[in-house]
Amino acid sequence: MSKPSAGSVKRAEELRSALDEHNYQYYVLDDPGIPDAEYDRLFRELQKLETEYPQLVSDDSPTRRVGSTAETSFDEVVHRLPMLSLDNAFSEEELRDFDRRVRERLGSDNDIEYVCEPKLDGLAVSVHYEQGLLVRAATRGDGYAGEDITANIRTIPSVPLRIRGRDVPDLVEVRGEVYMPRAGFEALNNRLENHGDKTFVNPRNAAAGSLRQKKSTVTARRPLEMCAYSVAVTDDSLLPDTQWESLQQVRQWGFRINPEMRKALGVSECLAAYEELMQKRDALPYEIDGIVFKVNRLDYQATLGFVSRAPRWAIAHKFPAQEELTVIEDVEFQVGRTGAVTPVARLKPVFVGGVTVSNATLHNMDEIRRLDVRIGDTVFVRRAGDVIPKVVKVVIEKRPKTAKSVVLPKQCPVCDSDVIQIEGEVVARCSGGLFCPAQRKEAIRHYASRKALDIEGLGDKWIDILVDHAMVSTVADIYHLTIKDLLRLERMGEKSASNLVAAIDRSRQPVLWRFLYALGIREVGEATAKSLASHFGSLEAVAEADEESLVAVQDVGPIVAGHIRSFFEQPHNLETLDALRDAGVKWQEEEITAGAKPLQGQTWVLTGTLSELTRDEAREKLETLGAKVAGSVSRKTACVVAGEAAGSKLEKAEKLGVQVLDEQALLEMLKEHELF
Ligand code: IVH
């Protein structure tokens with residue numbers, strides 16, 4: 001083992017204190033001093049130094065937070081002072097009773113000053129420091145003895161490994177809550193789900209599960225935080241006189257305290273703080289289940305003392321629960337505007353997260369299988385932060401014998417078309433896209449959109465109005481609209497009405513690919529529509545094609561072929577196509593180029609100014625013919641189209657002997673392929 005130079009020793013110290021400082025700014029002050037990437041660079045530099053010279057590693061080095069793979073045994077730790085619990089107040093009345101008892105015991109007629117702290121929904125922990133160094137951390141356990149979780153606690157970045165500052169008491173015990181912020185919880189659950197692992201029901205369970213890990217390397221990858229809410233030292237005279245100030249002290253020592261903390265004078269200010277925090281509840285980045293009021297003066301706290309296992313000087317005023325038990329009475333299926341068929345649980349109404357909930361989404365059949373939900377089951381319903389209530393867990397022990405499995409319907413509950421679930425896709429869909437009332441507005445919006453039939457003036461607003469007034473129910477109906485009909489609508493002027501009717505009329509003779517695209521068949525985008533049009537030449541041929549001939553088309557795989565087949569198998573979709581034909585819509589047939597597009601494999605270059613087409617239009621048309629359009633000329637270029645004032649690219653083409661077309665010749669060629 002080589003000896004580190006004085007420079008390396010100094011640099012390691014420098015890096016450690018810089019990393020500690022940044023950690024403090026980030027987790028305690030909520031004010032990052034440097035970007036994450038810079039932090040990572042410093043961290044790696046320290047890691048490298050420590051690997052090179054293991055003598056440099058110290059117990060309080062930030063690199064020690066990555067944890068270890070050694071298995072923790074969670075030995076018992078007896079608490080020096082019991083870790084108490086809190087009494088709860090569930091109403092204003094109960095809070096007033098608490099405040100009255102406090103004043104009576106203190107013999108005070110004056111309003112009491114309280115500290116109001118959010119009640120974080122996590123786990124209580126106690127962390128011990130000797131001579132400023134973290135030596136032990138424990139869970140609450142039964143209040144008298146908990147488990148040694150030192151290795152896991154050390155991985156939490158908001159827990160200081162060494163107390164900051166000078167004049168730190170020899171022994172310090174900080175208590176607080178370890179919790180998982182919502183964003184981290186979501187990310188963790190996504191990660192677990194992607195690995196096929198079991199997910200956590202809520203952030204509290206996730207925090208508990210993470211602290212209970214045997215390998216601290218696993219805990220290190222869990223997004224845990226700690227907020228301090230109390231402190232004890234060997235000699236009380238070393239602490240300020242109030243809860244408020246002692247927490248300020250703790251913050252200076254490098255612990256995170258809750259930024260929502262405030263003081264309140266008397267019970268009415270406490271009630272105001274309760275209301276205010278409840279309003280903020282859903283916007284906070286972590287979950288809270290109430291507010292804790294603590295008598296601020298520590299001498300008062302001492303006078304008040306404890307009853308059984310709770311202090312007389314503090315109370316938790318609880319918020320409405322965000323998780324409750326209820327029964328699934330039925331599961332119904334809803335069809336969204338894009339045809340997604342979603343199972344929705346009909347619940348025995350239950351008050352949760354501040355509202356009465358009688359429906360909860362089950363997302364899709366995979367979710368139903370994952371949760372193993374059956375009709376008749378008792379379930380945990382959760383409504384937190386987000387507004388949509390969710391079924392998070394089934395209580396299997398309460399499952400009745402009569403519980404019924406949930407079956408995906410074969411027919412759309414709205415339009416009776418087939419429901420298709422393509423292998424490998426989680427979402428089941430109604431295949432009656434052109435007809436299904438649930439998908440009406442979306443189908444019309446897509447049909448009229450710029451890249452489809454480009455019906456100017458038929459935007460979302462008018463589509464909503466026309467459908468809501470029952471003037472239009474399928475795309476075919478728009479061709480029957482008259483100026484007179486439109487003028488009956490509020491805010492529709494003479495000019496807009498005639499413009500709209502004219503725009504609709506102009507869309508009566510679309511090129512085949514645009515029409516195909518406009519039908520809104522799932523996963524048939526512009527490129528696929530173009531390939532289908534040039535491959536089959538007519539709509540009838542596409543409609544009749546079997547899967548085998550469909551997958552022969554460029555861009556079409558078995559999934560897309562499946563979507564195309566099921567679209568044309570739905571009688572309602574075919575009826576709508578007939579109705580479009582009857583309304584005078586005549587999509588043009590296209591010359592079949594059967595996959596072998598005429599310019600396939602060629603690279604073309606456009607240069608100079610074209611007069612009849614924009615560059616983008618010219619590029620699009622050349623691409624339709626299979627060419628790749630590049631920005632520079634090389635020996636491999638098949639052809640250069642030179643417009644007005646073409647410059648160096650034309651020169652280069654001539655020098656390399658590459659074929660050159662002028663605009664006229666390009667247009668001739670496009671006309672041959674009915675692209676102009
Ligand atoms: S004080 C003697 N303050 O609530 C006082 N507890 O129901 C003991 N909790 O086990 C706790 N936020 O896990 C206190 N600001 C806060 C708190 C808090 C959350 C938890 C803690 C405790 C439980 C008691």
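Residues numbered from 1 in each chain as written. Predicted model: local features only at pLDDT ≥ 70, side-chain atom pairs only at ≥ 80, totals over all residues. Heavy atoms only, no water.

- For the protein chain, the name recorded in an unreviewed UniProt entry is DNA ligase, with Marinobacter antarcticus as its organism.
- UniProt's Function (unreviewed entry) comment on the protein chain is quoted here verbatim: "DNA ligase that catalyzes the formation of phosphodiester linkages between 5'-phosphoryl and 3'-hydroxyl groups in double-stranded DNA using NAD as a coenzyme and as the energy source for the reaction. It is essential for DNA replication and repair of damaged DNA." (UniProt positions renumbered as here; feature names shortened; annotations may be inferred.)

**Considering the UniProt feature "binding site: NAD(+)" (unreviewed entry) in the protein chain**
Then comes step 1: Per the UniProt record, "binding site: NAD(+)" (unreviewed entry) is annotated on D36, A37, E38, Y39, D40, S85, L86, E117, R140, E177, K294 and K318. A maximum C-alpha distance of 42.5 Å shows the annotated residues, which cover 283 residues in sequence, to be distributed over more than one spot. Filtering the just-named annotated residues for those lining the largest pocket gives S85, L86, E117, R140, E177, K294 and K318.
Then comes step 2: In this structure, Y39 sits in helix α2 (residues 36-52).
Then comes step 3: The contact partners of Y39, leaving out residues within four places of it in the chain, are L19, H22, N23 and I34.
Then comes step 4: Within the secondary structure layout, D40 lies in helix α2. (1 Å grid on protein atoms, 1.4 Å probe; cavity = no way out; pocket = protein on both sides within 12 Å on 5 of 7 lines; lining within 4 Å. Helix = DSSP H or I, 4+ residues; strand = E, 2+ residues; numbered from the N terminus. Contact = heavy atoms within 4.5 Å.)

**Some thoughts on the packing of aromatic side chains**
Then comes step 1: Per the counting criterion, the structure on display carries 10 aromatic pairs.
Then comes step 2: For the ring pair Y129 and F255, a centre distance of 5.5 Å and an interplane angle of 90° mean the geometry is edge-to-face. One end of the pair, Y129, is in strand β4 (residues 123-130); the other, F255, is in the loop between α8 (243-252) and β9 (262-265), with 126 residues separating them in the sequence. As far as burial versus exposure is concerned, Y129 and F255 are alike and both buried.
Then comes step 3: Between Y274 and F319, the ring centres sit 5.1 Å apart and the planes meet at 55°, which makes this aromatic pair tilted. With a gap of 45 residues between them, Y274 in helix α9 (residues 266-280) and F319 in the loop between β13 (314-318) and β14 (323-335) connect regions that are remote in the sequence.
Then comes step 4: A relative accessible area of 6% places F319 in the buried class. (Phe/Tyr/Trp six-rings, centres within 6.5 Å; stacked < 30°, edge-to-face > 60°. Buried < 20%, exposed > 50% of the residue type's maximum accessible area, 1.4 Å probe, protein only.)

**Some words on the site of the ligand**
Then comes step 1: Among the 13 residues in the neighbourhood of the ligand, the closest are listed as E117, K119, E177, Y229 and K294.
Then comes step 2: Take E117: an N or O atom from its side chain is 2.7 Å from a nitrogen atom of the ligand.
Then comes step 3: Measuring from a nitrogen atom of the ligand, one finds a backbone N or O atom of P118 at 3.5 Å.
Then comes step 4: Breaking the shell around the ligand down by element, the ones donating at least two residues are β3 (113-120) and β10 (288-295).
Then comes step 5: Broken down by element, the residue count for the shell around the ligand peaks at 4 residues, all from β3.
Then comes step 6: Among the residues making up the shell around the ligand, the classes are represented as 8 nonpolar, no polar and 5 charged. (Near = heavy atom within 4 Å. Polar contact = N/O pair within 3.5 Å; in protein donor to acceptor, adjacent residues only side chain to side chain. Nonpolar A, V, L, I, M, F, W, Y, C, P; charged D, E, K, R; others polar.)

**Brief notes about the sheet that holds strand β21 (residues 603-607)**
Then comes step 1: What the 4 strands build is an open sheet, ordered β22-β21-β23-β24; its pairing is parallel. Two strands lie at the open edges of the sheet, namely β22 (628-630) and β24 (659-662), each paired on one side alone. Across this sheet, the average inter-strand angle for adjacent strands is 30°, counted without regard to direction.
Then comes step 2: Two elements, β21 and strand β23 (residues 639-642), share 4 bridges in a ladder whose sense is parallel. (Pairing = 2+ DSSP bridges. Axes fitted to C-alpha atoms, helices over the stretch in contact; angles between N-to-C directions.)

**Focus: the pattern of salt bridges**
Then comes step 1: One pass over the structure, following the stated rule, counts 39 salt bridges.
Then comes step 2: For the salt bridge of R382 with E323, the shortest nitrogen-to-oxygen distance reads 3.0 Å. Residue R382 is located in strand β17 (residues 378-382), and its partner E323 is located in strand β14; the two are separated by 59 residues in the primary sequence.
Then comes step 3: Overlapping salt bridges bring together R182, E287, E323 and R382 as one network. (Salt bridge = Lys/Arg side-chain N within 4 Å of Asp/Glu carboxyl O.)

**Description of unusual backbone geometry**
Then comes step 1: Phi is positive for F74, which is not a glycine, with a value near 50°.
Then comes step 2: Residue placement: F74 occurs in the loop between α2 and β1 (76-78).
Then comes step 3: On the basis of relative accessible area, F74 is assigned to the buried category, the value being 13%.
Then comes step 4: Positioned with a positive phi, E523 is a non-glycine residue whose angle comes to about 65°.
Then comes step 5: With respect to the helices and strands, E523 occurs in the loop between α16 (512-518) and α17 (526-536).

**Observations concerning the packing of helix α1 (residues 6-28) against α2**
Then comes step 1: Their axes nearest at 10 Å, the elements α1 and α2 cross at an angle of 145°. Here α1 and α2 pass one another in a crossing that is left-handed. Only D36, Y39, L42, F43, E45, L46, L49 and E50 of α2 make contact with α1, whose side of the interface consists of S8, R11, A12, L15, R16, L19, H22, N23 and Y26. (Left-handed = near helix turned anticlockwise from the far one by under 90°.)

**Focus on the nonpolar core**
Then comes step 1: With 56 residues, the main nonpolar core has Y447, I455, L458, Y479, F515 and L580 as its most contacted residues.
Then comes step 2: Elements represented by at least two residues in this core include exactly α12 (440-448), α13 (460-468), α15 (494-506), α16, α17, α18 (539-544), α20 (558-569) and α21 (571-582).
Then comes step 3: Among all residues touching L458, those that are not within four sequence positions of it are I444, A448, I463, L466, I478 and L500. (Core = buried A, V, L, I, M, F, W, Y, C linked by side-chain atoms within 4.5 Å.)

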